Amino acid sequence: MEIRAAVASDLPQITEIYNSIVLTSTAIYNDTPVTVDERTAWWQARIERGFPVLVAADDHDERTILGYGSFGEFRSWPGYRFTVEGTVHIREGFRGRGVGSLLLAELVARARATGKHIMVAGVDSENAASLRFLERHGFVAAGRLPEVGYKFGRFLDLRFLVLRLSESQNRQ
C-alpha cells in the first residue's frame, strides 16, 4: 500500500470511513454522520494550518482508501505548540493488517520533522484494540477522564496516551 497526502478526490472515502466508525463504535465521540462538505472543510483547515492528512491507498487499486490519519493542535493555547493530537482510522475489513501501523509511523515521522515534542491520543477506555495498538507503538498511559463522553445512551471514560517525539530540552 502507499501512504500519501490526502487529495480532494479522497474525501468521499475518508467521509465513508469516518461515518462508519461514528455509527458503529465509540472510537469517535460523535453521534451524527458528517457530509463530504464537512470533511472537506476539516481537511482544508488541517492543510492550511500545516498539519498532515494522510491516506493509505490500496496497492491493487490506488483509488481505494484503506484508512486515513492526521494530527492537529492538542489545545489552542501557545504553551501547547509542541504537542499534537493524532488519530488513525481504518476501513472495516482492513483492520489488523498493518495499515494503521504504516499511517501512524508516517504521522510520527512528520510530527518529529516539524519539531513537535509530544503526540497525544485520546481513546475510549473500552476500546482495547486501539489501546493495545498505541501501546505497541510506544504510547504510554497518561490519564483517564471518567464519564466525559456520551454515546449510545451511556457515559464513556476517555483515556489519554502520549508518545514522546523528542528529548526534553528548553525551546524558544
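What counts and what doesn't
- Residues numbered from 1 in each chain as written.
- Predicted model: local features only at pLDDT ≥ 70, side-chain atom pairs only at ≥ 80, totals over all residues.
- Heavy atoms only, no water.
- Buried < 20%, exposed > 50% of the residue type's maximum accessible area, 1.4 Å probe, protein only.
- Helix = DSSP H or I, 4+ residues; strand = E, 2+ residues; numbered from the N terminus.
- Pairing = 2+ DSSP bridges.
- Patch = residues over 30% accessible without salt bridge, like charges linked within 9 Å, V, L, I, M, F, W, Y side chains within 5 Å.
- Areas by Shrake-Rupley, 256 points an atom, 1.4 Å probe, with all protein chains shown as cover.
- Salt bridge = Lys/Arg side-chain N within 4 Å of Asp/Glu carboxyl O.
- Phe/Tyr/Trp six-rings, centres within 6.5 Å; stacked < 30°, edge-to-face > 60°.
- Axes fitted to C-alpha atoms, helices over the stretch in contact; angles between N-to-C directions.
- Contact = heavy atoms within 4.5 Å.

Brief notes about the pairing of strand β2 (residues 53–57)
Point 1. Among the five residues of β2, five are classified as buried, and the element is accordingly described as predominantly covered.
Point 2. When strand β1 (residues 2–5) meets β2, the two strands line up antiparallel, connected through four bridges. Pairing of isoleucine 3 across the sheet is with alanine 56, part of β2.

Topic: a nonpolar patch on the surface
Point 1. Residues Tyr29, Leu145 and Val148 make up a contiguous nonpolar surface patch of about 240 Å² in total accessible area.
Point 2. Assignment of secondary structure puts tyrosine 29 in the loop between α1 (11–24) and α2 (36–48).
Point 3. Judged by relative accessible area, which is 30%, tyrosine 29 ranks as partly exposed.

Quick word on the packing of aromatic side chains
Point 1. Scanning all chains against the criterion turns up five aromatic pairs.
Point 2. Measuring from ring centre to ring centre gives 6.1 Å for tryptophan 42 and tyrosine 68, while their planes differ by 75 degrees; the resulting arrangement is edge-to-face. With tryptophan 42 in helix α2 and tyrosine 68 in strand β3 (residues 65–73), this pair connects stretches of sequence that are 26 residues apart. In terms of burial, tryptophan 42 and tyrosine 68 fall into one category: buried.
Point 3. Ring centres of tyrosine 150 and phenylalanine 155 lie 4.9 Å apart, and the angle between their planes is 65 degrees; this geometry places the pair in the edge-to-face category.

Focus on the sheet that holds strand β4 (residues 83–90)
Point 1. Strand order across the open sheet formed by seven strands is β1-β2-β3-β4-β5-β7-β6, with mixed pairing between neighbours. Taken across any chain shown, the strands that pair with only one partner, and hence form the sheet edges, are β1 and β6 (140–151). Strand-to-strand twist of the sheet, defined as the mean angle between neighbouring strand axes without regard to direction, takes the value 25 degrees.
Point 2. Packed on one face of the sheet, helix α3 (residues 99–113) meets β1, β2, β3, β4, β5 (118–124) and β7 (154–164) and runs near 30 degrees to β3.

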